[in-house]
Structure formats: structure tokens, C-alpha cells
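# Observations on chain architecture
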Amino acid sequence: MKHFGCAWYPEAWPEERLLTDIRLMKEAGINAVRMGEFNWGRFEPREGCFAFDDYRLLLERLHENGIAVLMCTPTAAPPKWMSSRYPEIRKTDCRGNPVYDGNRRHACPSSPGFRAFARRITEAAAHAFRSSPAVFAWQIDNEIAAEAEHGFCFCETCRKRFQSYLRDKYECVDALNAAWNGAFWSGDFPSFDEIDPRSFKRVVRKAEYAQFMSALYTEFACEQRDILRRINPDWKITTNSWTTFLPDVAPDEIYAELDYASCDTYVGNDTLEFIHAFWDYYRNIQGTPRAFTVGETGAWNPVTVRNDAYGALSSWAWDALAHGAENLFYFRWRQSVMGEEEHPAILPWSGNPGLAYEAVAETAHAIRAFSERHPDLPLPDSKALMLVDRLTGFITKFRGDYSFFHAVVRMNQALNEAGVLADLLPLQKASADILARYPLVILPQTEHLSDTFCGTLREYCRNGGILFAQCRLNRLDEFGKYRMEAAPGTILRELFGLRVDESCEIRRAVDFREFEYNGRTVPPDNRILEVSLFGETAGLLSFMERPVPEGCRVLQEYSAGVYQGAPLFTECGNAWYLAAPMDRRGLALVVKCLLKQARIPCRKVPPKCQRIRRGDMVFYLNPTSERVCFPDDGVTLSPRECRCVPAGDAEEHVPPDREMGAFV
Ligand SMILES: [Zn+2]
């Protein structure tokens with residue numbers, strides 16, 4: 001790991017304290033800080049008057065003490081003078097009311113005035129720090145992809161730009177009306193000028209506005225990127241995005257334009273499976289596996305993990321490192337005395353080092369020693385590729401259905417528990433060359449695929465790759481509405497040897513935070529349908545389809561429910577299909593079967609734990625509070641223990657056939 005540090009807001013503390021902070025950081029082994037985000041008010045206290053001297057002095061002190069700086073553009077927190085003097089820079093909410101300042105992220109991303117101010121502060125800050133050897137990289141804005149605080153902007157400027165975006169995309173309004181199924185409920189628009197996103201109730205239209213906003217925020221980020229690059233081409237540039245596969249805008253679109261990816265990751269014991277999948281996604285978000293940054297992680301998480309809280313600070317850092325993180329920043333150095341986010345930090349409000357400081361220091365020294373012994377550790381070796389589709393994400397999100405995200409996380413969890421680390425790749429980045437590197441490719445409830453990409457998948461199977469798809473496959477067109485033909489469309493219908501016309505809900509979807517695989521309570525009226533799968537019992541979750549065989553081999557029929565007797569799990573050459581989301585027991589059986597077909601070695605890994613190979617080293621990670629055993633490796637770990645050992649001959653272990661006998 002190159003940088004192990006924290007977010008620091010020196011502007012919030014007495015000047016005479018700051019050298020003490022730098023000394024304490026150095027003693028703790030912290031070698032980087034993230035600074036400057038939200039500091040627009042002090043960088044430009046009055047319009048056009050800039051003040052960077054305090055920071056310049058601090059950068060010198062930090063550099064003298066071996067602490068590097070990830071500098072941030074402060075544009076997520078415009079100063080008060082701006083919204084007072086230029087109220088038009090503020091967002092307009094979905095009811096047409098102005099968004100007031102007093103929080104952050106209240107400026108409209110298409111406001112010409114705001115954009116000019118944002119360019120000017122970026123330029124001024126970049127010039128001020130251009131020759132500082134401490135600054136190694138820049139973070140643009142803060143959590144640029146998270147609009148949760150105020151939602152999207154719906155002002156007149158955004159509306160006009162959206163209309164123009166639609167004109168470019170559809171060319172004539174009849175094409176747009178056809179794409180958006182305007183024939184229903186008198187939904188046709190007579191002209192582009194009459195489209196107002198505030199009126200959108202339909203999923204497809206909301207998804208279109210989110211795609212437009214993705215493009216708008218990408219443009220906003222690129223504007224700052226270009227200024228920074230012009231002033232110092234050596235700086236690396238990123239932004240930090242919020243912990244989710246699909247924030248309000250598409251992060252893969254933004255990171256395609258930046259030097260590296262950085263994800264804020266607040267880990268909790270009950271979200272570990274989600275976090276593991278999230279890191280596997282960020283390692284691949286730019287199209288090929290790359291080291292990523294954990295832009296923020298919690299010194300505040302100890303409040304969520306009860307006893308052994310401080311041990312978690314260490315185990316989560318090692319977990320991130322094993323997944324491919326090369327920089328990690330705790331949030332934050334010292335607990336805020338007032339305002340938002342008063343949660344615990346590395347130092348408490350008093351500034352006196354305590355247990356969290358000691359835990360972070362111990363971790364920093366251990367990680368530095370490890371990184372010096374293994375300076376060129378290759379990224380994790382992944383044998384399985386899971387494709388994460390942006391359109392499916394938007395559509396399911398606006399449908400209020402989080403089963404897509406569940407499907408990604410559950411499948412990743414099932415692979416992890418079989419000892420396999422997957423690469424999670426944005427589907428839009430996938431190509432024949434990339435697919436060919438993996439013996440197993442997974443489509444988790446992927447609701448749209450282009451015909452071109454369906455052809456790529458067909459070729460992948462012809463060349464010997466194992467393709468697995470889990471229900472809802474390619475049933476939507478590129479606009480997000482149902483195709484007027486059976487799923488999964490002509491090419492995949494032949495490839496999988498089946499068609500799907502009918503499906504039904506088993507129970508209402510659970511809230512997206514309710515990961516039942518973690519043993520959290522499922523609402524009592526949410527029934528799981530139990531079926532038998534290869535002689536064992538498995539639960540079907542939320543949804544099931546009724547595939548009609550057209551050449552596939554039926555491996556398992558539904559043993560219960562309205563589709564009893566219909567195919568549940570099928571195989572057609574190298575293309576495998578599961579017609580319903582499954583619980584942990586069911587997915588474990590399915591995954592074992594797929595790994596055997598793809599000839600990927602598997603071994604048992606305890607729940608929430610990880611076995612990750614990087615080059616000639618293998619990480620065994622136990623982020624839980626229990627003692628665990630990796631039975632196939634003969635490794636036992638204490639609570640919160642991480643162990644990294646040279647990979648031995650055991651790596652080539654192949655699961656015994658007796659475990660797989662039921663499938664073949
Ligand atoms: Zn706007």
C-alpha cells in the first residue's frame with residue numbers, strides 16, 4: 001500500500017495545534033492526508049479574493065515530515081457569499097423550489113455562474129499548490145456521484161440542456177415517443193420543448209434523466225481535470241464516490257475520464273459481503289484490473305461493531321489491501337466539535353490519542369512493513385468475471401427493486417465462499433478480449449444486452465467459455481422497456497436453448513439494506529419458496545420465471561410453486577441458466593457446479609472471510625469476531641486476524657469429485 005492516511009481539516013482547529021497533529025500523524029505511521037475538500041469558504045473568503053498561504057505553509061511542514069497530500073478541489077461546498085449574491089447558482093428541487101444553502105452540494109451543475117466559479121477556484125488552488133512536492137494527487141469535488149442530500153437539479157437550465165440531450169439522442173420526437181412507450185396514458189410529447197423532467201413518474205424516463213445527469217457530472221469533473229492537468233501534468237486525478245454499485249449517476253462513466261478510482265467505503269460487520277463486492281467492482285471500474293483507493297473509511301465504524309471495535313480498524317484495512325487498494329484514508333483525523341458528522345475519529349474531540357489512535361498506528365506500521373517487503377504485489381488473480389450493467393442498475397433502482405444489487409452481491413458471496421475472487425466489470429467495458437481471459441462469465445439478472453454483445457457471448461461459449469445467467473436475462477430493450485418478443489432475444493434464446501415469456505413475484509422485494517444472507521430479519525410476510533435442488537433444500541427469493549425448453553438440458557425442475565415441473569436450472573452446451581434468484585444454500589450448489597464446469601479450483605472459505613491470491617502470496621482474512629477455520633487449507637484464524645503466506649502446491653487443489661457427483 002502506497003499511502004495510509006486520513007482526511008484532515010486543519011482549518012477547523014487552532015493554528016497552534018497543527019504542528020502537534022503533524023507530529024502525532026508521523027508517529028502513528030500516517031504518510032498521507034486528504035485536505036481541502038469543503039474549504040472553499042476559507043480559500044476564497046470574498047468573491048475573487050484568495051487565501052492559500054495557511055495551506056501552503058502546512059504543505060511544507062507535512063512534506064518535511066514525510067506526509068504526502070491528496071489535495072481536493074473544494075467545489076462540493078460553495079461559500080455563503082456565492083448563494084447570497086448569485087441565488088441562481090442554487091439547485092431547484094423536483095417541486096420547483098430553490099434549494100437553500102447551509103449544507104453542501106446545493107449548486108446546480110449546469111449553472112453557468114457556478115461552473116465559472118468552480119473553474120476559477122480550481123485554477124487558483126492549482127496555481128497556489130503547483131510547485132508543492134507534498135501534493136501527489138487531486139480529488140475532484142466530493143462524492144460527486146451522490147446526489148442524496150438534495151436530489152437532482154430540475155432548474156430551467158438543466159431542463160433546456162436535457163431537452164437538447166434528448167434531441168441529439170433521438171433526433172425526432174416520434175422516435176422518443178416510441179422509445180418511451182408514449183402511446184400509453186396519452187404519454188406522447190408533441191415536441192422536445194414540452195419535456196419537463198419534474199413530471200417524470202415512469203421508470204424509463206427517470207433512468208433517462210439519470211443518464212443525462214451522469215453525462216453532465218462527467219463534463220463537470222472533466223472541466224476541473226483539464227485545469228489541473230494543464231497546470232501540473234504530473235498530478236494524478238481522481239474523485240471519491242459513495243459506497244454503492246450505482247449512485248444517482250454512473251461512476252464508471254466518470255472514472256473513465258480520470259487517472260484512478262477512489263471509493264468511499266464505510267465498512268460494517270453486517271455489510272461485509274456488500275463491501276467485498278464493491279471493492280471487486282472498483283478494482284475493475286476503469287475496464288481492466290487496477291489498484292484503487294479507499295477514499296474514506298471509518299474510524300467511526302467502531303460504534304457499529306460492539307466489542308473488538310478497534311480490531312476492526314485493522315482487519316478492514318488489510319481486507320482492502322488484499323482486494324487491491326493502494327491508498328486508504330480514514331475519515332477523519334479528529335472528531336468534529338460541532339456540526340455534521342460528529343462521530344468518532346482517529347482522535348477524539350479533545351485531541352488526546354486513545355484506543356483508535358493506537359489501533360490505527362499499529363495497523364499503519366504493520367502495513368508499511370508488509371508493503372516494503374512486497375513492493376510489487378500483483379493485483380488479485382481472478383478466474384471469474386461478473387458483468388454489472390448500468391442500465392439494469394438504473395431501471396431496477398427507479399423501479400424500487402433492489403434485487404439486481406442483491407443478485408450481484410449474493411453471487412459474489414457464493415464465489416468467495418468457494419474460494420474464488422471475481423472481477424466485477426461494468427458491462428459497458430466488456431469486450432471479446434476481456435471475456436477470453438476468464439473461464440467463467442456471469443450475468444446477474446442482466447435485463448438488457450445489445451445484439452452485438454449477445455454475439456460476443458455466443459462466440460465466447462463457442463471458444464469454450466462457461467457462461468452463466470441468472471433470470472430476467474435481456475428482457476428489456478435499450479430504453480428499458482420490455483421487448484415485444486420472448487426473452488432473452490433471438491441470439492441468446494438459441495444460445496441458452498430456452499425462451500421465457502412468463503414470470504411472477506414470490507414475495508415483495510426487501511429493502512436494499514436488508515441482506516437476508518447476513519441472517520438479518522426478513523419481514524414475516526415475506527415468504528421464501530423452498531424447492532429441492534440436487535437433493536438439498538434451497539430457497540427462491542422474490543421472483544421466478546417459467547422457461548420453456550428449446551434444446552437445453554433441464555438439470556433441475558421447480559419442485560414447488562406455480563411453476564412446479566417447469567425448468568429451474570438448465571444447461572445448453574456452455575450456457576447455463578438459473579430461472580430465479582436463490583438463497584445462499586442454493587447459490588452455493590449452483591456455484592460449485594459452475595466452477596467444476598469451468599475447471600476453476602475451489603475450496604471452502606468461511607462466511608464473510610476471504611482467501612485472496614496476489615502473485616505468489618495468499619491472504620487469509622477473517623474480519624469477523626469469531627475464530628474461523630479454512631478447512632481445505634488447514635488454516636485457522638483468530639478473530640480479526642489477517643495472515644499472508646507464500647502460495648504453496650495446495651493452490652492447485654481441485655475439489656473432489658464426490659462433492660460434484662450430483663450434477664454430472
Ligand atoms: Zn439545474
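Note: the structure precedes this text.
So, a few notes on the structure that sits alongside this text. Given the structure is predicted, the values throughout are model-derived calculations rather than measurements.

## Examining the coordination of the zinc ion
Distances from the zinc ion to its protein donors, Cys108 (SG), Cys153 (SG), Cys155 (SG) and Cys158 (SG), fall at 2.2 to 2.3 Å. Seen from the zinc ion, its 4 donor atoms lie at angles of 101 to 115°, and the figure they make is tetrahedral. Within one chain, the residues donating to the zinc ion are spaced in sequence as C-x44-C-x1-C-x2-C. Linking Cys108 in the loop between helix H4 (80-85) and helix H5 (112-129) with Cys158 in helix H6 (residues 156-170), this pair joins segments that are 50 residues apart in sequence. Just as Cys108 is buried, Cys158 falls in that class too.

## What about the nonpolar core?
Core analysis: the biggest nonpolar cluster contains 203 residues, and Trp8, Phe129, Trp180, Trp333, Leu415, Leu440 and Phe496 have the highest contact counts within it. Here this core gets 13 residues from one element, more than from any other, and that element is helix H8 (residues 203-231). Once you skip the residues sitting within four places of it in the chain, Leu415 turns out to touch Ala384, Val420, Ala422, Leu440, Ile442, Val591 and Leu595. In terms of nonpolar packing, the next biggest core, distinct from the first, is built from 8 residues, Val605, Tyr620, Val628 and Phe630 among them.

## Quick look at the sheet that holds strand E9 (residues 325-331)
In space, the 9 strands of this open sheet follow the order E5-E4-E3-E2-E1-E9-E8-E7-E6, with parallel pairing throughout. Of all strands in the sheet, those with a lone pairing partner are strand E5 (236-238) and strand E6 (240-241), marking the two edges. Sheet topology note: the strand E7 (residues 262-264)/strand E8 (residues 292-298) ladder contains 3 bridges and is parallel. Looking across to E8, one finds that Cys263 is bridged to Val294. In the packing of helix H10 (residues 272-282) onto the sheet, contacts are made with E6, E7 and E8, and the angle to E7 comes to roughly 160°.

## Structural notes on the packing of helix H16 (residues 451-462) against helix H17 (residues 489-496)
Relative to each other, H16 and H17 sit at 20°, their axes nearing to 9 Å. Taken together, H16 and H17 sit at an angle that is classed as roughly parallel. Here H16 runs over H17; the crossing is left-handed. Facing Asp451, Cys454, Gly455, Leu457, Arg458 and Cys461 of H16, the residues of H17 in contact are Ile491, Leu492 and Leu495. Classifying every residue of the contact of H16 with H17 by side-chain character gives 6 nonpolar, 1 polar and 2 charged.

## Thoughts on the packing of aromatic side chains
Each pair of aromatic rings is reported with the distance of its centres and the angle of its planes. Here the structure, examined in full by the defined rule, presents 43 aromatic pairs. With centroids separated by 6.4 Å and ring planes inclined at 15°, the aromatic side chains of Tyr9 and Phe38 adopt a geometry described as stacked. Taken together, the residues Tyr9 in the loop between strand E1 (3-7) and helix H1 (18-28) and Phe38 in the loop between strand E2 (32-35) and helix H2 (40-43) connect sequence positions 29 residues apart. Using a relative accessible area of 9% as the deciding quantity, one classes Tyr9 as buried. Above the face of the Phe543 ring, Arg472 is positioned so that its terminal group lies 3.9 Å from the ring centre.

## Observations concerning the side chain of Glu44
Assignment of secondary structure puts Glu44 in the loop between H2 and helix H3 (53-64). A distance of 2.9 Å separates the side chain of Glu44 from the side chain of Arg120, its partner in a polar contact. When residues no more than four places from it in sequence are discounted, the contact partners of Glu44 are Cys49, Phe50, Pro79, Trp81, Arg120 and Ile121.

## Describing the sheet that holds strand E22 (residues 617-621)
With antiparallel pairing, 3 strands are arranged side by side in an open sheet as E21-E22-E25. The open sheet is flanked by strand E21 (610-614) and strand E25 (642-646), the only strands paired with a single partner. Across the sheet, the mean angle separating the axes of adjacent strands is 20° when strand polarity is ignored. The sheet contact formed by E21 and E22 spans 5 bridges and is antiparallel. Considered in E22, the bridge of Arg614 is made with Met617.

## Observations concerning the state of the cysteines
Within this structure, the stated rule accounts for 0 disulfides. Cys153 provides the cysteine sulfur closest to Cys94, a residue in no disulfide bond, and the two sulfurs are 11 Å apart.

## Some words on H16
For H16, spanning 12 residues, the distance from its first C-alpha to its last is 17 Å, which sits close to the expected 16 Å at 1.5 Å a residue. Within H16, burial applies to Phe453, Cys454, Gly455, Thr456, Leu457, Tyr460 and Cys461. Where H16 is buried, its residues contact strand E10 (384-388), helix H15 (432-435), strand E12 (440-444), strand E13 (466-470), H17 and strand E20 (575-578). Remark: Gly464 follows H16 within two positions and exhibits a positive phi of approximately 105°.

## With respect to helix H11 (residues 309-323)
In an α-helix, one full turn covers 3.6 residues, which means residues spaced three or four apart are oriented alike. Relative to the 21 Å expected for 15 residues at 1.5 Å per residue, H11 spans 22 Å between its end C-alpha atoms, a close match to the ideal helical length. Of the residues trailing H11, Gly324 is marked for its positive phi of about 120°.

About the cut-offs
- Chains are numbered independently. Their residues run from 1 in the order of the written sequence.
- Note on the predicted model: pLDDT of at least 70 is required for a residue's local features to be given, and 80 or more for side-chain atom pairs to be given and counted; whole-chain, interface and lining totals, by contrast, use all residues.
- Based on all heavy atoms of the structure, the side-chain values leave hydrogens and waters out of the count.
- We call an atom a donor if it is N, O or S and sits within 2.8 Å of the metal, or 3.2 Å for Na, K and Ca. Water is not counted, so some sites may look partial.
- Angular criteria define each label, namely tetrahedral for four donors with all angles between 85 and 135 degrees, square planar for four and octahedral for six donors with opposite donors over 155 degrees apart and remaining angles between 65 and 115, and irregular for whatever fails these tests.
- Each helix corresponds to a stretch of at least 4 residues labelled H or I by DSSP, and each strand to a stretch of at least 2 residues labelled E; elements are numbered beginning at the N terminus.
- Remark: exposure states derive from per-residue accessible area (1.4 Å probe, protein chains only) relative to the maximum for the residue type, with buried under 20%, exposed over 50%, and partly exposed in between.
- Residues grouped as a nonpolar core are buried Ala, Val, Leu, Ile, Met, Phe, Trp, Tyr and Cys residues, joined through side-chain atoms within 4.5 Å.
- Residue contacts are counted whenever heavy atoms from the two residues lie within 4.5 Å of one another.
- In short, DSSP must find at least two bridges between two strands for them to pair.
- Every axis in this analysis is a line fitted to C-alpha atoms, fitted for helices over the stretch in contact. Angles between the N-to-C directions lie between 0 and 180 degrees.
- Oblique is the label for every angle not falling under 35 degrees (roughly parallel), over 145 degrees (roughly antiparallel), or within 65 to 115 degrees (roughly perpendicular).
- Should the near helix be turned anticlockwise from the far one by less than a right angle, the crossing is termed left-handed; should it be turned clockwise, right-handed.
- Gly is put with the polar residues, along with every residue not named as nonpolar or charged; the nonpolar set is Ala, Val, Leu, Ile, Met, Phe, Trp, Tyr, Cys and Pro, and the charged set is Asp, Glu, Lys and Arg.
- Between 30 and 60 degrees the pair is tilted, below 30 it is stacked and above 60 it is edge-to-face, where a pair is any two Phe, Tyr or Trp rings, Trp via its six-membered ring, whose centres lie within 6.5 Å.
- We call a charge positioned over a ring when the NZ of a Lys or the CZ of an Arg lies within 6 Å of the ring centre and within 35 degrees of the ring normal.
- Between N or O atoms, a polar contact is any pair within 3.5 Å; within protein, one atom must be a potential hydrogen donor and the other a potential acceptor, and residues adjacent in sequence are included only when both atoms are from side chains.
- Counting rule for disulfides: a pair of cysteine sulfur atoms within 2.5 Å.
- How far a helix is expected to stretch is found by multiplying one less than its residue total by 1.5 Å.

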